[in-house]
Amino acid sequence: MVYGASGYTGELVAKLAAQRDELPVLAGRSAAKIEPLAARLGCPHVVVDLENRRALREALADVQVVAHCAGPFAHTSRDMVEACLDTGTHYLDITGEIDVFEAIYARHDEAEQADFVLLPGGGFDVVPTDCLAAMLAQRLPDAEELELAFTLGGGISGGTLKTAIEGAASGGRARVDGELRTVPIGHRTRVADFPSGPRRVTAIPWGDVSSAFRSTGIRDITTYTVVPGGDLIGRGQQLLAPLLRMPAVQRAGTTLVERLVRGPSEDRQSAGRAEVWGRVRNRDGQQVTGTLTTPAAYQLTADAVVRGVALLLAGGVTPGAHTPSSAFGADFVTTLDGVRIGDLPPDESAAPEAAQPETPAAPEEPETSAGE
């Protein structure tokens, strides 16, 4: 089942699944949106609201895996997770929301006992970053610090924007000494050496401060992206946060998004590329870096979800709450269309001497913190 199939990303998932002759059940709460899509793709469908507990469980009764694509997941994931627990349906979603990751991971024991899989972050959030983090940790097993940065190409959807509006009031997040901590957005900047060249990136709250910790056990994790005017973000967030926390402002923002944002065109997505950079470092100063180049974020998400669902249907994933790399392996990202691994040394388990202090090809600007 693809729940939220009439949303921007859900429709991409549904279309790709249909192209691969998988014909999922398309589901959502709006008959006016779901029925025409199902007819066009030749898929079965069901109209069900997440808040209708009985109807949702009836809809999932014969479903082996649900791809949950209806966000913001802070509002929608709990109802679907609980229904999946009751019906024994494997759960995969495309969230990037840190608190959703944490809430789902906290239900590991329930999922394990129910003999099914909970897998948040099965799209661009966080498949490429999580898999790269796991690859880097394999090459430097005693790493204590992880930094991940990414660029996005191909535009942004309304659902992503609505999630960003809700999260903007809360500030940034980082993993510090094993604990999730709230920090100002933009509390750090650095230069990341992407395949296309070095770019300055700014710290933001990204799902990997939760998921990569679960995948690797690395205790200090910071996530970054390219943000215009990134050095000023922290001060702006401090000034705007009280305003953004007001319910009326939140409602106005999401209403504008719903009216004005339809998501990037297929041509723009096809032309877009995303890049991921990561670095791990241990106490002795040894460090390993690596990069990935991927299709645009929503294209990768659709491919990752469809392939992830197929792997869950095939069995073999240990029951419980997983990250993409813990469920499918660190190399899962390399099975996706159009993904290329850049600079990444051989696996350290085969050649321990390969983990050497990094020698940059050119001088790199130092990391900075807000206020420095």
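With that settled, the discussion passes to the confidence of the model for the chain. Of all residues in the chain, 77% have pLDDT values of 70 or greater, and the mean over the chain is 85. Below pLDDT 50 for its whole length, residues 157-168 participates in 26 contacts with residues either more than four positions away or in separate chains. Considering only residues more than four positions removed or in separate chains, one finds that residues 351-364, a stretch of pLDDT under 50, has 15 contacts.

Counting buried residues in strand β12 (residues 220-225) gives 5 out of 6 residues, a clear majority hidden from the surface. In this sheet, β12 lies alongside strand β7 (residues 145-151) in parallel orientation, the contact comprising 6 bridges. Its bridge partner being in β12, L148 is matched across the sheet by T223. Both strand β11 (residues 197-203) and β12 contribute to a ladder of 2 bridges, which runs antiparallel. Among the inter-strand pairings, T202 is bridged to a residue of β12, identified as T225.

Here T95 shows up in the loop between β5 (90-93) and α5 (98-105). At 3.0 Å, the side chain of T95 and the backbone nitrogen of E97 are in polar contact. Dropping the residues within four chain positions of it, T95 is found in contact with F73, V100, F101, P120, G121 and D125.

Moving on: the environment of E275. Take E275: it is sitting in strand β13 (residues 273-281). Residue classification places E275 among the buried residues on the basis of a relative accessible area of 10%. At 2.7 Å, the side chain of E275 forms a polar contact with the side chain of S196.

Rules and cut-offs
- Residues numbered from 1 in each chain as written.
- Predicted model: local features only at pLDDT ≥ 70, side-chain atom pairs only at ≥ 80, totals over all residues.
- Heavy atoms only, no water.
- pLDDT = per-residue confidence, 0-100.
- Contact = heavy atoms within 4.5 Å.
- Buried < 20%, exposed > 50% of the residue type's maximum accessible area, 1.4 Å probe, protein only.
- Helix = DSSP H or I, 4+ residues; strand = E, 2+ residues; numbered from the N terminus.
- Pairing = 2+ DSSP bridges.
- Polar contact = N/O pair within 3.5 Å; in protein donor to acceptor, adjacent residues only side chain to side chain.

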